[in-house]
Amino acid sequence: MHSLDMHSLAVSPPAPEAACRLPAAIDRLAGSLTNRLIRATRWRVIEVPSLQPIVSFTFDDVPDSALHAGAAILEAHGARGTFYISGGLEGRVEPDRTLIDAAGCRELAARGHEIGCHTFGHQDVRHVDRARFVADLADNARYLDAVDPRPGRRNFAYPYNSGSFGKRRILTRSYRTCRAGGEAINRGPTDPTFLEAVEIRQPETHVAGLTRWIDALVAKPGWLIFFTHDIAPAPTPYGCTPEAFERLVAHAVERGCCVLSVDAALDSMGFREGGR
Ligand SMILES: [Zn+2]
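Residues numbered from 1 in each chain as written. Predicted model: local features only at pLDDT ≥ 70, side-chain atom pairs only at ≥ 80, totals over all residues. Heavy atoms only, no water.

Visitor: Is there a simple way to explain the pairing of strand S7 (residues 154–157) in this structure?
Guide: A regular strand places its side chains so that they alternate between the two faces of the sheet. Where S7 lies against strand S8 (residues 175–182), 3 bridges are found, and the strand directions are parallel. By the bridge assignment for S8, Ala157 is matched with Arg179. Taken together, S7, helix H6 (residues 168–174) and S8 form a β-α-β motif whose crossover is right-handed. (Pairing = 2+ DSSP bridges. Helix = DSSP H or I, 4+ residues; strand = E, 2+ residues; numbered from the N terminus. Right-handed = clockwise from strand over helix to strand, strands pointing away.)

Printed below as a string of structure tokens:
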């Protein structure tokens, strides 16, 4: 998820350590540097094959329009997506979006979509101490298991795409992969604890131009992961319209890409449970 999310500012209760936190601009810079260092020091490595272009469409938080519009568009193209859920946001009504509830999550799973973890409290993992982080992940595991019981590890997406050196061991134990941002395609040696992804966000002209990422993937295959939030006629800055999303999905299919959920993409690339 983006680093300047107005929603999450409202969502996350202040952490106990907030009083000694750096000013916001410096904290964002610290987060950006942390992400760069994490990318420079891979924790695990998988080899993404270059045989065929694979595209995954993923949703964070997740607004209910991602179910009603986003999932339906994927299904119309015979594809499925990955929905990274924060249980603590369940049913939350905000001025410009409403978050999915448990029934919506069950419906997504029943329709063949993947339910992933986005933490329970949706806080920047850098600002959560280890004990609280473990408890938070356990809370979300209980929530997700209630709506989508399944064996094996889920996939994870960092709130605000913000990584943490100290949490990598915990995340590796609990999740098959962890997705960040980065505006890049995963090719060749790739750290499954910090997958790269490209954001679908406003303005609509920007979304229309994202087909260039699909063209680049077809020219040099790997694994392109998109992420977004709401799919609505009047989207938030962090989503897009159904028409724009439809064009993007259709372009991936027409260019011959395999459009798969994150979990199905890992399976198709031959990685066993555990992402290796
Ligand atoms: Zn998020």
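Visitor: Would you take a moment to explain the environment of Phe226 for this structure?
Guide: Mapping Phe226 onto the fold places it in strand S11 (residues 223–228). Overall, the relative accessible area of 0% leaves Phe226 in the buried class. Sequence-wise, Phe226 and Leu210 are 16 residues apart; in three dimensions their C-alpha atoms are separated by 9.5 Å. For Phe226, the residues in contact, after removing those within four places along its chain, are Val55, Ser56, Phe57, Thr58, Val198, Ile200, Leu210, Trp213, Ile214 and Leu248. (Buried < 20%, exposed > 50% of the residue type's maximum accessible area, 1.4 Å probe, protein only. Contact = heavy atoms within 4.5 Å.)

Visitor: Sorry, what's going on with helix H4 (residues 102–110) here?
Guide: Think of an α-helix as turning once every 3.6 residues; residues three or four places apart then point the same way. Along H4, the residues classified as buried are Ala102, Gly104, Cys105 and Leu108. Along the long axis of H4, the arc covered by the buried residues comes to 160 degrees, so they all point the same way. Contacts from the buried residues of H4 go to helix H3 (64–76), strand S3 (82–85), strand S6 (114–117) and helix H5 (130–147). The N-cap of H4, judged by a side-chain oxygen 3.3 Å from the amide nitrogen of Ala103 a few residues on, is Asp101. (Arc of directions from axis to C-beta. Polar contact = N/O pair within 3.5 Å; in protein donor to acceptor, adjacent residues only side chain to side chain.)

Any functional reading would require information beyond the geometric quantities listed.
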